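# Residue-level structure breakdown
One letter stands for each residue in the lines below.
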Amino acid sequence: MVRAIKKKRLKRLLITSLVGSLIIGSAYILGWSSLLSVKTVSIAGSNSSSIIINKLKATGVEPKLGTKLARVDVRGIKHSLSQLDWLASSDISRNWVSKKLSINVIERVAVARSISAGNKVINFDNSGSIFTPTSATQLAMQNKLPQVSTQGSGKDELASVAQLLRQIPAELNYLVTNLDSISVTKSGFIIMSTQINSMPVRVNWGLVELIDQKSAVLATLLKLPENQQIKQVDLSQADSPIIS
């Protein structure tokens, strides 16, 4: 009986030692051994990878060849890239087999442009986010983008345009896709020049309020056969739209 108990204790001790050795060995390989060091770094989704690398350098999280894969600050890299307003998202992954660190980004795609109060070119994407065009692709698109013009102080008007774009529902997204221009009056009314059924249409959204209600009214009006040739829609009063 005593021998059996000793045998079990010895077996348990051996298992515990083996597990401990495996943990220590794994920790060494991951954290200190050169066996799992960064062999390649790839950046996909942007043709302006040098700007991304410079940002990572500036924030002290640039991944370098030879760095232990386990020690790469993935969270820090993602946080750093989130500070680049011209990027919509980023994803960082480590391949333990190929020893490759992959940085995949998605650039924001502009639907309109304007000039900020600081006399800088800014862009809007279809989610209403305002960003500074930075990548080669974004900069190449500037002359093709519809212009947002304001008659007021600028900042608040641009914010209202961003809010409108953010709230336009998916069923009316073609209004943004076919956008020709947007202007904001001194009274804050947003006038959108776009196309419906390949025909130019002017939509007066009024103030940036009740956009959900106004969108629902517009969608209902556009479904009526008699409104297939409309040229102007005034939605400044959501419950009293005017069509011509």
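Residues numbered from 1 in each chain as written. Predicted model: local features only at pLDDT ≥ 70, side-chain atom pairs only at ≥ 80, totals over all residues. Heavy atoms only, no water.

### A few points about the side chain of R108
Along the polypeptide, R108 turns up in the loop between β3 (100-107) and β4 (110-115). Only 2.8 Å separates the side chain of R108 from the backbone oxygen of D85, close enough to count as a polar contact. Sequence-distant contacts of R108, that is, excluding residues within four places in its chain, are made with D85, W86, L87, A88, D125, S127, S129, F131 and Q138. (Helix = DSSP H or I, 4+ residues; strand = E, 2+ residues; numbered from the N terminus. Polar contact = N/O pair within 3.5 Å; in protein donor to acceptor, adjacent residues only side chain to side chain. Contact = heavy atoms within 4.5 Å.)

### Some details on unusual backbone geometry
Positive phi is not limited to glycine here, since N197 has a value of about 55 degrees. As for its placement among the helices and strands, N197 is situated in the loop between β9 (190-196) and β10 (199-206). On the basis of relative accessible area, N197 is assigned to the partly exposed category, the value being 49%. One non-glycine residue, L210, adopts positive backbone phi at about 55 degrees. Relative to the assigned elements, L210 resides in the loop between β10 and α7 (211-222). You can call L210 exposed: its relative accessible area is 51%. (Buried < 20%, exposed > 50% of the residue type's maximum accessible area, 1.4 Å probe, protein only.)

### With respect to the pairing of β3
For strand β1 (residues 40-44) and β3, the ladder comprises 5 bridges, and the chain directions are parallel. Following the sheet pairing, T40 is matched in β3 by K100. (Pairing = 2+ DSSP bridges.)

### Observations concerning the packing of helix α2 (residues 49-58) against helix α3 (residues 74-82)
Contact geometry of α2 with α3 gives a least axis separation of 10 Å together with a crossing angle of 115 degrees. For the pair α2 and α3, the crossing hand works out as right-handed. Residues I52, K55 and L56 of α2 lie in contact with α3, whose contacting residues are I77, S80 and L81. Within the contact of α2 with α3, the residues separate by chemical class into 4 nonpolar, 1 polar and 1 charged. (Axes fitted to C-alpha atoms, helices over the stretch in contact; angles between N-to-C directions. Left-handed = near helix turned anticlockwise from the far one by under 90°. Nonpolar A, V, L, I, M, F, W, Y, C, P; charged D, E, K, R; others polar.)

### Observations concerning the confidence of the model for the protein chain
When pLDDT is averaged along the protein chain, the result is 87; 84% of the residues meet or exceed 70. This stretch, residues 19-33, has a pLDDT under 50; its non-local contacts, to residues over four places away or in other chains, come to 12 contacts. (pLDDT = per-residue confidence, 0-100.)

### Quick look at α7
Over its 12 residues, α7 extends 16 Å from the first C-alpha to the last, a length consistent with the 16 Å expected when each residue adds 1.5 Å. Looking at α7, one finds that the buried residues are I211, K214, S215, V217, L218, A219, L221 and L222. Summarising the contacts, the buried residues of α7 are in contact with α5 (155-167), α6 (174-177), β9, β10, β11 (232-234) and β12 (242-243). (Expected span 1.5 Å × (residues − 1).)

### Focus on the pattern of salt bridges
One pass over the structure, following the stated rule, counts 1 salt bridge. The partner of R108 in a salt bridge is D125, and the shortest N-O contact between them spans 2.9 Å. On the criterion of sequence distance, the pair formed by R108 in the loop between β3 and β4 and D125 in strand β5 (residues 121-125) is long-range, its members being 17 residues apart. (Salt bridge = Lys/Arg side-chain N within 4 Å of Asp/Glu carboxyl O.)

### So, α5
Between its first and last C-alpha, α5 extends 19 Å over 13 residues, near the 18 Å set by a 1.5 Å rise per residue. Of the residues making up α5, those classed as buried are E157, L158, S160, V161, A162, L164 and L165.

### Side note on the environment of T132
Here T132 shows up in the loop between β6 (130-131) and α4 (136-140). For the pair T132 and R113, spaced 19 residues apart in sequence, the C-alpha to C-alpha distance is 9.5 Å. Filtering out sequence-adjacent residues up to four positions away, T132 remains in contact with D85, W86, V121 and Q138.

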